[in-house]
Amino acid sequence: MVLQFSSTRGIHNMLQSTLCDYPLRCPSFASSVTSNANRSFIGATRCHCLHLAWNINKLKDNKGFSPMIKGHRKHKDPNTYMHQAAERVLEEETSQMEEGNPRFKVYPGQAYPLGVSEVEDGINFAIFSQNATTISLCLTLRDSANHKDEMLELPLDPHTNKTGDIWHICIEDLPRSGVLYGYRVDGPRDWHQGHRFDNSTVLLDPCARLVEGRQVFADTNNIFAKFLGTYDFESMPFDWGDGYSFPSIPEKDLVIYEMNVRAFTADKSSELDPKISGSYLGVIEKIPHLLELGVNAVELLPVFEFDELEFQRRPNPRDHMINTWGYSTINFFAPMSRYASAGEGGPCNASREFKEMVKALHAAGIEVILDVVYNHTNEADDKNPYLTSFRGIDNKVYYMVDLHNKGQLLNYSGCGNTMNCNHPVVIELILDSLRHWVDEYHVDGFRFDLASVLCRGTDGSPLDAPPLIRAIAKDDKLSRCKIIAEPWDCGGLYLVGSFPNWDRWGEWNGKYRDDIRRFIKGDAGMKGSFATRVSGSADLYNVNKRKPYHSINFVIAHDGFTLYDLVSYNFKHNDANGEGGNDGGNDNFSWNCGYEGETDDVKIKSLRLRQMKNFHLALMVSQGLPMILMGDEYGHTRYGNNNSYGHDTAINHFQWKQLEARKKDLFRFFSEVIKFRRSHLVFRHENFIGQEEVTWHENQWDNPESKFLAFTLHEKDGGDIFLAFNAHEYFVKVAIPSPPQKKRWFRVVDTNLEYPDDIVPEGVSGIGATYNVAPYSSILLEAKV
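Thresholds applied
- Residues numbered from 1 in each chain as written.
- Predicted model: local features only at pLDDT ≥ 70, side-chain atom pairs only at ≥ 80, totals over all residues.
- Heavy atoms only, no water.
- Helix = DSSP H or I, 4+ residues; strand = E, 2+ residues; numbered from the N terminus.
- Buried < 20%, exposed > 50% of the residue type's maximum accessible area, 1.4 Å probe, protein only.
- Contact = heavy atoms within 4.5 Å.
- Areas by Shrake-Rupley, 256 points an atom, 1.4 Å probe, with all protein chains shown as cover.
- Polar contact = N/O pair within 3.5 Å; in protein donor to acceptor, adjacent residues only side chain to side chain.
- Axes fitted to C-alpha atoms, helices over the stretch in contact; angles between N-to-C directions.
- Parallel < 35°, antiparallel > 145°, perpendicular 65-115°, else oblique.
- Left-handed = near helix turned anticlockwise from the far one by under 90°.
- Nonpolar A, V, L, I, M, F, W, Y, C, P; charged D, E, K, R; others polar.
- Pairing = 2+ DSSP bridges.
- Arc of directions from axis to C-beta.
- 1 Å grid on protein atoms, 1.4 Å probe; cavity = no way out; pocket = protein on both sides within 12 Å on 5 of 7 lines; lining within 4 Å.
- Points joined across faces, edges and corners; volume = space filled by probe spheres on them.
- pLDDT = per-residue confidence, 0-100.

## Notes on the overall build of the chain
Link 1 in the chain: Of regular secondary structure, the chain possesses 17 helices and 29 strands.
Link 2 in the chain: Out of the 785 residues belonging to the chain, those deemed buried represent 62%.
Link 3 in the chain: The contacts in the chain between residues at least 6 apart in sequence include a share of 72% that link residues at least 24 apart.
Link 4 in the chain: Accessible surface, the chain as shown: approximately 30,600 Å² in total, 48% of it carbon and sulfur.

Here's what the structure looks like:
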């Protein structure tokens, strides 16, 4: 394809149409770009715009100027939906402009890569929109010396700045960093056809690698901050170090610690410098705690850019809340800027400090897994939309809409909108995002929030072989990554054990959580299910080439009760959330051990402590991949709130003083059991166990009133492990099987005993032919010489 210009009219018309009416449009742009914009800048900006137009006219009269395109541009036939960005080559050959030309030289640009890129001719901008009719690039140029912002708006000509469904422009001599940019997009206004175009708002580029919004986390003086893209081609590449390497821990050996970056160190009890508390750098300071605990992977609650003050934009029952969990993504590529240090955020600082955090965790042998939210965005529903990006760029492509119901948004996420994840354009967007986090930030894996949404077609119907799920499983760059699904959504698509997997995907095993909870608290008829879960959930995962570690075993996760609350509350207590107690799950399978909430009753407190230890032991001796929640190691309470997403307080913040108070009992037990698991292969089988690997000491499988289970895990070298769990209200005397030849039994764990006898890693000898297992307690014996 050859582009030729016999004059500058194409470029001239494009700029002239923008610059002549720029003073009319600039005020709205200025107010939408930044809350601090000074309207007095408009006059100066108008002068600059007129200066640009004058220079273009002058350029037309320059007899020496001949803007013929000297070469050609090569590219494949632009099939937008099935493209692979790496396979595209699009070269723009443009005329050379001599000295005295406009300050910014404008070229047609190139379609790939999407987002912002530095090319030979300058800075290239490219954005996808199939249904847009007009798009303008809006730039904010900062002049820190004079405390002024210069704002430009450049309409893109669909004849010269568009290839297929991708709009693009290249600008020479733009600063290589610090420029803010967005797009003003317009198109059909037919809601019934799924369109939501609105050119009154400057929109964030879905492919922006860095995003700038408010500077300080939860700054209520800046609730209406605008989120815009930016870039940095000036800074030196991050130094990962000569001796740097990925931990590359086999999945069967992982112990995951689910945590929130901000909540981990935001509390004053962390005793960190306020400049780094609640930040990526704050996590680095607390790596010794993670090592002492014994975990070797962290699963970070969402760290993509999100708006923590989204609930406060209008009066509503939740307008006192601050979104601290982050499940309301604005952009899929940029790290949360307000997790940077010094309390002032900033996208470049956030990017660098995120890498420093990953580098430090890797140096400590700890992998980094990101909780990613691709099922919905922050833009809410049609009743109270929060126009930020996707909705205004091409709603019909990016979101699922019901064309049989007036083009309304479908809502399988419970958050008002649902990403159209299996649309080819969205597939490529999500893949590019995942690759970016692997290439640029060196993360080790991903947990996909409400991943069943990713298994729905463009009309919302479930797919047997979702293209996105397959593409993630088969992608070369993601091959070293752990990929974990939360296999359900808010539309009722429950796929635990049946999530499309290509023998790669792991799953949060919700059935494990429920069955373990019900057995330990003493529900009848749960012994068989308990045995199935601790032995690897073969009923769910022993299919094709799937492994036990494809079951992500957990008793507690961020949503729901904490471990302490699980044994302290029968009912949720969510009044503080402002929704009248209607939010959060009702089926918690919890037991308060005799009293609802806090109590001074010594017997109840002792029982609760035993139950927490029972849950933790069961989790750590189960085949599969265990995950624990931040704070459970010291008994963190949310006072019965099982949906605490909106509290930037001690309800969610890690309490370091409480940790110190529990170091000798609960924390020590947690840590020693984790380390015991990691040092014994018998709990971490590569394949599903059978009769040679386990003996069940049981003859009452069919008795629903039997709440006691004992079994032996066999190791090839004779290092057998005997386990017994008693969920009865009375003692059970259990016969201890003979140990392997030349071995004796040693007691390692008895949750009925107090510190330090509750766990003795080296074991206590003197075990007889029977053992009296106390009510609501568990034991672990090890066969040793």
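## A closer look at the side chain of S622
Link 1 in the chain: Tracing the chain through its elements places S622 in the loop between α15 (602-620) and β21 (625-629).
Link 2 in the chain: Among the polar contacts made by the side chain of S622, one reaches the main-chain carbonyl oxygen of A618 at a distance of 2.6 Å.
Link 3 in the chain: Among residues more than four places away in sequence, those in contact with S622 are Y512, R533, V534, N553, R677 and F683.

## What about the packing of helix α11 (residues 510-520) against α15?
A pair of packed helices can be characterised by two numbers: the angle between their axes and the separation between those axes.
Link 1 in the chain: Packing of α11 against α15 leaves a shortest axis separation of 11 Å and a crossing angle of 135°. Put simply, α11 runs oblique to α15. You can see that α11 and α15 cross each other, and the crossing is right-handed. Every residue of α15 that contacts α11 at Y512, I516, R517 and I520 is listed here: Q611, N614, F615, A618 and L619.
Link 2 in the chain: Across the contact of α11 with α15, the residue classes tally to six nonpolar, two polar and one charged.

## Regarding the sheet that holds strand β12 (residues 256-259)
Link 1 in the chain: The sheet built from eight strands closes into a barrel, its strands ordered β12-β13-β14-β17-β18-β19-β20-β21 with parallel pairing. Neighbouring strand axes in the sheet, compared pairwise and without regard to direction, differ in orientation by 25° on average.
Link 2 in the chain: Both strand β13 (residues 297-300) and strand β14 (residues 367-372) contribute to a ladder of four bridges, which runs parallel. Residue pairing across strands places L300 opposite L370, the latter belonging to β14.

## Focus on the sheet that holds strand β26 (residues 744-750)
Link 1 in the chain: With antiparallel pairing, six strands are arranged side by side in an open sheet as β22-β23-β24-β29-β26-β27. Since the sheet does not close on itself, it has two edges, and those belong to β22 (694-696) and β27 (759-764), each with one partner. Strand after strand, the sheet turns through a mean of 20° between neighbouring axes, direction not considered.
Link 2 in the chain: The pairing of β26 with strand β29 (residues 777-784) spans six bridges and is antiparallel. Its bridge partner being in β29, R744 is matched across the sheet by K784.
Link 3 in the chain: Along the sheet, α15 contacts β24 (721-726), β26 and β29; its crossing angle with β29, the most-contacted strand, is approximately 45°.

## Overview of helix α12 (residues 527-534)
Link 1 in the chain: Listed in full, the buried residues belonging to α12 are K527, F530, A531, R533 and V534. Projection of α12 onto a plane perpendicular to its axis shows the buried side chains occupying an angular sector of 165°, all on one side.
Link 2 in the chain: For α12, the elements touching its buried residues are α11, α13 (538-541), α15, β22, β23 (708-713) and β24.
Link 3 in the chain: In the stretch just after α12, G536 is the one whose phi turns positive, near 115°.

## Some points on the pairing of strand β7 (residues 166-172)
Link 1 in the chain: A large share of β7 lies buried, amounting to seven of its seven residues.
Link 2 in the chain: Pairing geometry for strand β1 (residues 105-107) and β7, over three bridges, is antiparallel. Bridge pairing in β7 links Y107 to C170.
Link 3 in the chain: Pairing of strand β3 (residues 122-128) with β7, which is carried by six bridges, proceeds in the antiparallel orientation. Looking at β7, one finds that F128 is bridged to I166.
Link 4 in the chain: Judged from the two bridges that link them, strand β6 (residues 162-163) and β7 form a sheet pairing that is antiparallel. Pairing of T163 across the sheet is with I166, part of β7.
Link 5 in the chain: From the end of β6 to the start of β7, which pair antiparallel, there are two residues, and G164 there has a positive phi angle of about 65°.

## Points about unusual backbone geometry
When glycine is set aside, most residues are seen to have a negative phi, and most peptide bonds are trans.
Link 1 in the chain: In the segment running from Y112 into P113, the intervening peptide bond is cis, with an omega of 0°.
Link 2 in the chain: Between Y755 and P756 the backbone carries a cis peptide bond, its omega angle lying at 0°.
Link 3 in the chain: For P756, the location among the structural elements is in the loop between β26 and β27.
Link 4 in the chain: Phi is positive for N544, which is not a glycine, with a value near 50°.

## Here's the deal with the layout of surface pockets
Link 1 in the chain: Considering only enclosed or pocket space, the second largest pocket measures out at about 680 Å³ in volume.
Link 2 in the chain: Looking at the second largest pocket, it is lined by 23 residues, and the ones nearest its centre are L210, D232, S351, K355 and E440.
Link 3 in the chain: Elements with a minimum of two residues in the lining of the second largest pocket: α7 (347-363) and α9 (424-441).
Link 4 in the chain: Broken down by class, the residue content of the lining of the second largest pocket amounts to 14 nonpolar, four polar and five charged.

## Observations regarding the confidence of the model for the chain
Link 1 in the chain: Taken residue by residue, the chain gives an average pLDDT of 89. The fraction at 70 or more is 87%.
Link 2 in the chain: In the predicted structure, residues 1-101 sits below a pLDDT of 50 and forms 163 contacts with residues beyond four places in sequence or in another chain.

## Regarding the packing of α7 against α9
Link 1 in the chain: Packing of α7 against α9 brings their axes to within 10 Å, and their N-to-C directions diverge by 70°. Considered as vectors, α7 and α9 are oriented roughly perpendicular to each other. Together, S351, F354, K355 and V358 of α7 and W437, E440 and Y441 of α9 make up the contact between the two elements.
Link 2 in the chain: Split by residue class, the contact of α7 with α9 holds four nonpolar, one polar and two charged.

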